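Here's the letter readout for the chains.
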There are 2 protein chains.
Amino acid sequence: MSFPDATSAEIEQAAQRAWQAFLAYRKTSWKQRADLLYQIAETLRAREAELVALAMKETHLPELRLKNEFARTLFQLQQYGKALETGIWAEFRIDTAVHDPASAQPDVRKSYVPLGPVAVFGASNFPFAFSTAGGDTASALAAGCSVIVKAHPAHPHTSTQVAACIQQAIQQSSLPENVFQHIHGTSPAVSEMLVKHPLIKAVGFTGSYVAGKALFDIARQRKQPIPVFAEMGSVNPVFLLPEKLSRDTATLADMLAGSITLSAGQFCTKPGLILGIKSEALQHFTSLLTEKLKHIQAQHMLHEGIAHAFREKVQLARHQQQILELIPFSSSTHTLEAKPVLSLTSASAFIDNPVLHEEVFGPYALIVTCEIFEEMLEVADRLEAQLTCTLMATENDLQQYRRLIDALTLICGRMIWNGVPTGVRVCMAMHHGSPFPATTDSHFTSVGADAIKRFVRPVCFQNFPDPFLPPELQNENPLQIWRTINHQLTSSKIE
Amino acid sequence: MSFPDATSAEIEQAAQRAWQAFLAYRKTSWKQRADLLYQIAETLRAREAELVALAMKETHLPELRLKNEFARTLFQLQQYGKALETGIWAEFRIDTAVHDPASAQPDVRKSYVPLGPVAVFGASNFPFAFSTAGGDTASALAAGCSVIVKAHPAHPHTSTQVAACIQQAIQQSSLPENVFQHIHGTSPAVSEMLVKHPLIKAVGFTGSYVAGKALFDIARQRKQPIPVFAEMGSVNPVFLLPEKLSRDTATLADMLAGSITLSAGQFCTKPGLILGIKSEALQHFTSLLTEKLKHIQAQHMLHEGIAHAFREKVQLARHQQQILELIPFSSSTHTLEAKPVLSLTSASAFIDNPVLHEEVFGPYALIVTCEIFEEMLEVADRLEAQLTCTLMATENDLQQYRRLIDALTLICGRMIWNGVPTGVRVCMAMHHGSPFPATTDSHFTSVGADAIKRFVRPVCFQNFPDPFLPPELQNENPLQIWRTINHQLTSSKIE
């Protein structure tokens, strides 16, 4: 079974249908949208075994990993639904009228409206949680937007079946069927046509820098530019601070070996860069990590393209100046297989070589040795923006090297203390984002219910009669939500 | 006294200084920043008479208008300071750790960090509230960003003196002097160099579409694209619904005549388009509005360039098909003077003529007569995005023509019932924004304390030890603010 690329006529039709569906869907209540998300989760759950099996075949990811991802996808749908129902997904502001003639002011109340049809481009490495029914789709639907997903060509069957579940849930919820549509496309022309279409009003994307940046540029060159929320990965540096490193050398080597090779290193939060200050402890850590990684078995990568890119990137990196190959690339009989690769270089060699700053997607890491702390700080200052930065440190270390925290807050979206960056908790406090080039919009997260805000914009009503206000702004507070009334948070009514 | 354009060396120096100042300023507490805003307000207040006199000379705006704007500018600084101090300016999310081994989750806490140095481009029509010490500067400083203002060439003296007040307040607050810098530039090259500089991390702009869009394009083409918050004006349609129109014909004509000509129509929220359904009442309204406007005296426009553009735009509009000139353009002996101009056309002529959809900055409005309500709805569907839309309607009208509310929420940032769009209340519930082309980022407002969010981005801390968290995220809640803890809003501590 093959999936032909959508034609321009089909894309035109999909956009028109998405717009019509949007015009109706935007008027649904938060409760209706939350119920849709719950229904999607239930419909998916009923087909878990089949969908996981399909994804295993298409992505070569192990069963347990996919089951966890599947559970996370359902949890995400439910959590966004809950955030919507309780109103904590956003801020509702009311400033009541001032009647004193000397300083009369109108009544002003602010809520949100959905942006319009959203084009979603899923990721190859997360067939569930960052794909067809993933965070972008969940948050766009929660926002009140219709969605067109372009299936990732690496898992078109899984995507098609997940899409069928969403469509079934829409039908069961008696909502317009074109609230969600699904198209295929291996050619970049399909994505381009979709993002250029005037009726598409926003884009959600998870994937490579090259593809994400291309969509960003297309969207910005439209007659009406639209927002693109592209999450494009990063190198996720880990900083080993002296006291912690000498105390917990083996534990750190263990943790990082696991994180570097989890799912064959195919995470946007994989730690690709490990920085330490020259010391015996660092040498010891390096040999422990090398040993650990050597004993980790080869894993299948997602698809030929990614396996190929991994080989290319690793080859490019090893041919740079002053690279010591701790575990060189070793080719395998199976073209999809990848074994861990570990290299080492000096901070001075690293700082001036942009090739070494680039993400290598797969089970690869580069250790960077710094002569002194100031050199580590210099590396931090020279890094591009990162989804995550990790500090392996005792509290003494944090105290002594506080300047590193200051430096890293300039470039990262999430800072982790004594943990690994892989594993992104789905919760309201999560920020999965960062300045460019890790994402195209540093204001928003793609994980956690705050992701819904990407697909709405504020709108305010001035002096509107109560019955014509949306329920979240009405005097009676029928949704029983928290609102900022005259600069005070309250869940009270307005008398 | 003349103000030479900043040279490229001066811009380079300003950007470097802004970066250094930012590195220190970003670490100030909310209280320190709020105090700076209050201090700026006080420093300005002490020089009110002088500054208003200077602005009168440079902008030809009347004294009362400038005094009101001056008061609003101080109020704005104070209000943003208050929002900052009380923590209601943003959302702070905490999800505490889950220790159950089966579903263990890290502690995650989310706050914000400032983006970096911000370039601010003020407006010609608001020498105080949307210029040097205006909303963009106030919100960038509140966010923890350093600021470089390029003075508007139409009021360089006022801008220079306001800048001096800000610099004095910074000095009095013992903050780094380059937290705020001020440069001049009549050439677009100055703006371009500033926006292109890699150390500039965001742009605030209020002005014309052409200039705003140019900055947006420059910013997006940088190696590291940066956000541009440009507010570029709109036509602000007013919809006269039948029952209201026939009941309050004279009042509506009065209100609109005032709003169209307030400050010579030089507001981004000036009602430039008035739509009604063919009726005797509409005819009566039209003649009343014509009479009112005829008797409003000529006013001085801001500067030669704007007066010239007004003449050009009005001439272009009158030469379109099917335009009835109710009050034709009349030239004046004084090149700065402008008298009100009013034209009328049919919905069918309007819909297909993009020239008539464009903003005419100045005392001009176009009445569009619709055959039936459906035609009015069609006009609404064909309009570009607007900062405001106004409904003149009884509750019966709103009930009967609810589809119009639905149509307008698609395109506007603020919807007004039975009021005029001019006059933007500075409060948290205000949304002064809209989709493109009225602004370049529909997610954010440029008025009200939510404007601060433009210049920060979220950052989250995972498993961080309490003393190393920013105060807003610490267990003890030392700032006594509201936070979302495990999905519940609370001002409690974490035990």
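Since this is a predicted model, take the numbers as computed values, not measurements.

Trainee: What is the right way to look at the pairing of strand 14 (residues 364-370) of chain B in this model?
Mentor: Consecutive side chains along a regular strand alternate between the two faces of the sheet. Residues and elements named next belong to chain B. Counting buried residues along strand 14, seven of its seven residues qualify, which places the element largely inside the surrounding structure. Here strand 14 shows no split at all, with Tyr 364, Leu 366, Val 368 and Cys 370 on one side and Ala 365, Ile 367 and Thr 369 on the other all buried. Two elements, strand 9 (residues 273-277) and strand 14, share five bridges in a ladder whose sense is parallel. Its bridge partner lying in strand 14, Leu 275 is registered against Val 368.

Trainee: How should the relation of the copies chain B and chain A be read in this particular structure?
Mentor: Both copies of the chain are tied together by a single rotation about an axis and a shift running along it. Take chain B, turn it by 180 degrees, move it 0.0 Å along the axis, and it overlays chain A with an RMSD of 0.0 Å. Such a combination of turn and shift is consistent with a two-fold rotation axis. Of every C-alpha in chain B, the one belonging to B:Arg220 sits nearest the axis of rotation, 3.8 Å from it. Interface overlap between copies is the fraction of interface residues in one copy that are interface residues in the other; for chain B against chain A it reaches 99%, indicating a shared surface.

Trainee: Sorry if this is basic, but what is going on with the packing of aromatic side chains here?
Mentor: In this description, an aromatic ring pair is defined by two values, namely the gap between the centres and the angle between the planes. All names here are of chain A. Applying the stated criterion across every chain yields a total of 34 aromatic pairs over all chains. Here the aromatic rings of Phe 229 and Phe 455 are separated by 5.6 Å at their centres, their planes lie at 85 degrees, and the arrangement is edge-to-face. With Phe 229 in strand 7 (residues 228-231) and Phe 455 in the loop between strand 16 (412-417) and strand 17 (456-462), this pair connects stretches of sequence that are 226 residues apart. Given the relative accessible area of 5%, Phe 229 is considered buried. A residue is classified by how much of its surface remains accessible, and Phe 455, at 0% relative accessible area, is buried.

Trainee: Where do I start with the interface of chain B and chain A in this structure?
Mentor: Frequently, the measure chosen for interface size is the accessible area removed from exposure when the parts meet. Residue-level contacts link 81 residues of chain B with 80 residues of chain A. Sorting the residues of chain B by area buried against chain A places B:Arg425, B:His443 and B:Phe468 first, and these three jointly supply 12% of that buried surface. Across the contact surface, chain B and chain A share ten salt bridges. In this structure, A:Asp450 and B:Lys110 form a salt bridge, with 2.7 Å as the shortest nitrogen-oxygen distance. Remark: the boundary between chain B and chain A carries 50 residue pairs in polar contact (both at pLDDT 80 or more).

Trainee: Would you mind showing me how to read the sheet that holds strand 7 of chain A here?
Mentor: In a beta sheet, neighbouring strands are held together by backbone hydrogen bonds and run either parallel or antiparallel to one another. All names here are of chain A. Taken together, the five strands give an open sheet; going across it, the order is 5-4-3-6-7, and neighbouring strands pair in parallel fashion. The two strands at the open ends of the sheet, each matched to only one other strand, are strand 5 (180-183) and strand 7. The average angle at which neighbouring strand axes cross in this sheet is 15 degrees, direction not considered. Against the sheet, helix 1 (residues 8-25) contacts strand 4 (147-150) and strand 5, and its axis sits at roughly 170 degrees relative to strand 5. Relative to the sheet, helix 8 (residues 209-221) contacts strand 3 (118-121), strand 6 (202-206) and strand 7, its axis offset from that of strand 7 by approximately 170 degrees.

Trainee: What exactly am I supposed to notice about the sheet that holds strand 1 (residues 93-95) of chain A here?
Mentor: Ordered by their spatial adjacency, twelve strands build an open sheet running 19(A)-18(A)-1(A)-2(A)-17(A)-16(B)-15(B)-8(B)-9(B)-14(B)-13(B)-11(B), and the pairing between neighbours is mixed. In this open sheet, the two strands that pair with only one neighbour each are strand 19 (488-490) of chain A together with strand 11 (324-327) of chain B. Averaged over all neighbouring strand pairs, the angle between strand axes comes to 25 degrees, with direction disregarded. Bridge count between strand 15 (residues 386-392) of chain B and strand 16 (residues 412-417) of chain B: five bridges; the pairing is parallel. Bridging across to strand 16 of chain B, B:Leu391 finds its partner in B:Trp417. Each of strand 11, strand 13 (341-346) and strand 14 of chain B touches helix 12 (residues 304-318) of chain B; the most contacted strand, strand 14 of chain B, lies at about 20 degrees to it.

Trainee: Explanation requested: the UniProt feature "domain: Aldehyde dehydrogenase" (unreviewed entry) in chain A in the structure shown.
Mentor: The UniProt entry lists residues 2-424 of chain A under the feature "domain: Aldehyde dehydrogenase" (unreviewed entry), expressed in the numbering used here. The distance separating the terminal C-alpha atoms of residues 2-424 of chain A is 34 Å; by composition the span is 48% helix and 17% strand.

Trainee: Got a minute to help me understand unusual backbone geometry in this structure?
Mentor: For the bond from A:Phe436 to A:Pro437, the omega torsion is 10 degrees, close enough to zero to count as cis. With respect to the helices and strands, the residue A:Pro437 is situated in the loop between strand 16 and strand 17. Phi at A:Asn418 takes a positive value of approximately 50 degrees, unusual for a residue other than glycine. Of note, A:Asn418 is situated in the loop between strand 16 and strand 17. On the accessibility criterion, A:Asn418 (23% relative accessible area) is partly exposed. Here B:Asn477, not a glycine, exhibits a phi torsion of approximately 50 degrees, which is positive. Structurally, B:Asn477 is set in the loop between strand 17 (456-462) and strand 18 (483-485). For B:Asn477, a relative accessible area of 3% corresponds to the buried category.

Trainee: Please explain the nonpolar core as it appears in this structure.
Mentor: It is characteristic of soluble globular proteins that their nonpolar side chains tend to be buried jointly. Membership of the largest hydrophobic core comes to 226 residues, with the highest contact counts inside it found for A:Leu391 and B:Leu391. In this view, A:Leu391 contacts A:Phe239, A:Leu241, A:Leu398, A:Leu404, A:Ile405, A:Leu408, A:Met415, A:Ile416, A:Trp417, A:Asn418 and B:Phe464; residues no more than four positions away in its chain are not counted.

Trainee: So what exactly am I meant to see when it comes to the environment of B:Thr440 here?
Mentor: Residues and elements named next belong to chain B. Tracing the backbone through its elements, the reader meets Thr 440 in the loop between strand 16 and strand 17. By relative accessible area, which is 9% here, Thr 440 ends up buried. For the pair Thr 440 and Phe 70, spaced 370 residues apart in sequence, the C-alpha to C-alpha distance is 27 Å. Leaving out residues up to four positions away in the same chain, Thr 440 has contacts with Phe 216, Val 228, Phe 229, Ala 230 and Met 232. At 2.7 Å, the side chain of Thr 440 forms a polar contact with the backbone oxygen of Val 228. Within the structure, the side chain of Thr 440 is placed 3.0 Å from the backbone nitrogen of Ala 230, a separation counted as a polar contact.

Reading the values: rules and limits
Residues numbered from 1 in each chain as written. Chains lettered and ligands numbered in written order. Predicted model: local features only at pLDDT ≥ 70, side-chain atom pairs only at ≥ 80, totals over all residues. Heavy atoms only, no water. Buried < 20%, exposed > 50% of the residue type's maximum accessible area, 1.4 Å probe, protein only. Helix = DSSP H or I, 4+ residues; strand = E, 2+ residues; numbered from the N terminus. Pairing = 2+ DSSP bridges. Least-squares fit on C-alpha atoms with pLDDT ≥ 70 in both. Contact = heavy atoms within 4.5 Å. Phe/Tyr/Trp six-rings, centres within 6.5 Å; stacked < 30°, edge-to-face > 60°. Buried area = accessible area lost by both parts, 1.4 Å probe. Salt bridge = Lys/Arg side-chain N within 4 Å of Asp/Glu carboxyl O. Polar contact = N/O pair within 3.5 Å; in protein donor to acceptor, adjacent residues only side chain to side chain. Axes fitted to C-alpha atoms, helices over the stretch in contact; angles between N-to-C directions. UniProt positions renumbered as here; feature names shortened; annotations may be inferred. Core = buried A, V, L, I, M, F, W, Y, C linked by side-chain atoms within 4.5 Å.

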